[in-house]
Amino acid sequence: NQKFMKNIFIILFIILISFSCKNNKKIDKENLEKELVKLPPPQKIIDENSLVGFACYYAGRRSEPVENITEILERKNYDELKKKISSNKPAERYLATFACIRLSENKIIKLNNNELSQIDENKKSDLKIYFCGGCTEKENYKLSQLFSEKIEFITEVEDWFNQIK
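About the thresholds
- Residues numbered from 1 in each chain as written.
- Predicted model: local features only at pLDDT ≥ 70, side-chain atom pairs only at ≥ 80, totals over all residues.
- Heavy atoms only, no water.
- Helix = DSSP H or I, 4+ residues; strand = E, 2+ residues; numbered from the N terminus.
- Buried < 20%, exposed > 50% of the residue type's maximum accessible area, 1.4 Å probe, protein only.
- Contact = heavy atoms within 4.5 Å.
- Lys, Arg positive; Asp, Glu negative; His and termini not counted.
- Salt bridge = Lys/Arg side-chain N within 4 Å of Asp/Glu carboxyl O.

Mind showing me how you'd approach the overall build of the chain here?
Scanning the chain for helices and strands turns up seven helices and three strands. Counting over 165 residues, the chain shows a buried share of 33%. In the chain, the proportion of contacts linking residues at least 24 apart, taken out of those at least 6 apart, comes to 54%.

What follows is the structure, encoded as structure tokens:
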């Protein structure tokens, strides 16, 4: 009889534990949903060909498109600059367009009808350019915005151009 009672006690104990575990799983799942940590949004992956920066990242370096157009301007290779207004690299296209407009206004270069047409097309373009400065978040703009709105980064582009010419 004592052995029978002991077996019943063990069986009840096992049943009680199993119910307890099932309830804990539900509670854990409910608590888990409440306690989930929100992750920050994934870091933007930016195509270097769309990046205009004069002091990017920790090193404060210029972006590759800025380096390329700077070199062309320093060599006064205006034929190469004019070709860049049709570049498949949006940042080069923007910088070359900006530089050609300024050089033409200053009567340093003369643009033909095809080049003027390409510049007008660029001024209306939806191609996106990203600006960076140091470690700050990169902001993007359509080319059409850069030629039609007063945007803070335009001052940096003007300063860059004025230092080279």
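Moving on, there is more to tell.
Just checking my understanding: could you explain the side chain of arginine 93 for this structure?
Residue position: arginine 93 is located in helix α4 (residues 90–105). Despite its burial, arginine 93 remains without a salt bridge, the nearest opposite charge being carried by glutamate 121 at 4.8 Å. Excluding residues that lie within four positions of it along the chain, arginine 93 makes contacts with Lys84, Ile85, Ser86, Ser87, Gln118, Asn122, Leu127 and Leu143.

Sorry, what's going on with the environment of serine 63 here?
By the element assignment, serine 63 lies in the loop between β1 (51–56) and α2 (64–74). Here serine 63 falls in the buried class, since its relative accessible area comes to 1%. Between the alpha carbons of serine 63 and asparagine 49 there is a distance of 8.6 Å; along the sequence they are 14 residues apart. Sequence-distant contacts of serine 63, that is, excluding residues within four places in its chain, are made with Glu48, Leu51, Val52 and Gly53.

Everything listed here is a matter of geometry and, on its own, says nothing about what the molecule does.
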